[in-house]
Amino acid sequence: MRKKVAVVILNWNGKKWLEKFLPDVLKYSSTEISDVYVADNCSTDDSVEWLKENFSEVKIIQNQNNNGYAGGYNDALKNVDADYFVLLNSDVQVSKNWLEPILSIFEK
């Protein structure tokens, strides 16, 4: 089912950031309106395996090449279907109800 919002986190060898910040992204993102994606930019660490083992609810997009920040997001977004995209850096800590005000502004 298509969700209104896709929270997309670009990852490149960032397991330490995912371990620290992804739990709150999942905890404070409404599952009724959003899906959380991690777009992996050809990591060589074990972050993709770690995601698969620990966060089955996260949708993983594995880019074929590491095309940098903008290219990585552009590659990944071709595989995401939502009304709105939130491009969230992997080192951002979110808090309760962080997504609702953003969606409210976009809906206006």
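Cut-offs used in this document
Residues numbered from 1 in each chain as written. Predicted model: local features only at pLDDT ≥ 70, side-chain atom pairs only at ≥ 80, totals over all residues. Heavy atoms only, no water. Buried < 20%, exposed > 50% of the residue type's maximum accessible area, 1.4 Å probe, protein only. Helix = DSSP H or I, 4+ residues; strand = E, 2+ residues; numbered from the N terminus. Contact = heavy atoms within 4.5 Å. Core = buried A, V, L, I, M, F, W, Y, C linked by side-chain atoms within 4.5 Å. Pairing = 2+ DSSP bridges. Axes fitted to C-alpha atoms, helices over the stretch in contact; angles between N-to-C directions. Salt bridge = Lys/Arg side-chain N within 4 Å of Asp/Glu carboxyl O. Phe/Tyr/Trp six-rings, centres within 6.5 Å; stacked < 30°, edge-to-face > 60°.

A. Representation of helix α3 (residues 68-77). The complete set of buried residues in α3 reads G71, G72, Y73, A76 and L77. Elements in contact with the buried residues of α3: β1 (3-11), β2 (34-40), β3 (59-62) and β4 (82-87).

B. Quick look at the nonpolar core. Grouped together as the largest cluster of nonpolar side chains are 19 residues, with contacts concentrated most on V7, I9, L22, V25 and V36. The biggest single contributor to this core is helix α1 (residues 15-27), with 4 residues. With near-sequence residues (within four places) excluded, V7 lies in contact with V25, D35, V36, Y37, V86, L88, W98 and L99. One finds A6, V8, Y37 and L77 within the second-largest nonpolar core, a separate group that totals 11 residues.

C. Fine view of the sheet that holds β2. The 4 strands are arranged β3-β2-β1-β4 in an open sheet whose pairing can be described as parallel. Either end of the sheet is taken by a strand with one partner, and the two such strands are β3 and β4. Here the average twist between neighbouring strands, direction ignored, is 30 degrees. Across 4 bridges, β2 lies against β3 in parallel orientation. The residue bridging D40 from the neighbouring strand is Q62, located in β3. The sheet strands contacting helix α2 (residues 47-54) are β1, β2 and β3, and the helix crosses β3 at an angle near 160 degrees. Those strands touched by helix α4 (residues 99-107) are β1, β2 and β4, and its axis lies near 120 degrees from that of β1.

D. Broad picture of the pattern of salt bridges. Overall, the coordinates contain 5 salt bridges when judged by the stated rule. We note a salt bridge from D46 to K15, for which the minimum N-O separation is 3.3 Å. Placement of D46 in the loop between β2 and α2 and of K15 in helix α1 is noted, with a sequence separation of 31 residues between them. Salt bridges sharing partners connect three or more residues here, namely K4, D83 and E107.

E. Structural view of the packing of aromatic side chains. Under the criterion given, the structure shown has 4 aromatic pairs. With centroids separated by 6.1 Å and ring planes inclined at 15 degrees, the aromatic side chains of W17 and F21 adopt a geometry described as stacked. Placement of both W17 and F21 in helix α1 is noted, with a separation of 4 residues, approximately one turn of the helix. On the basis of relative accessibility, which here comes to 8%, the residue F21 falls in the buried class.

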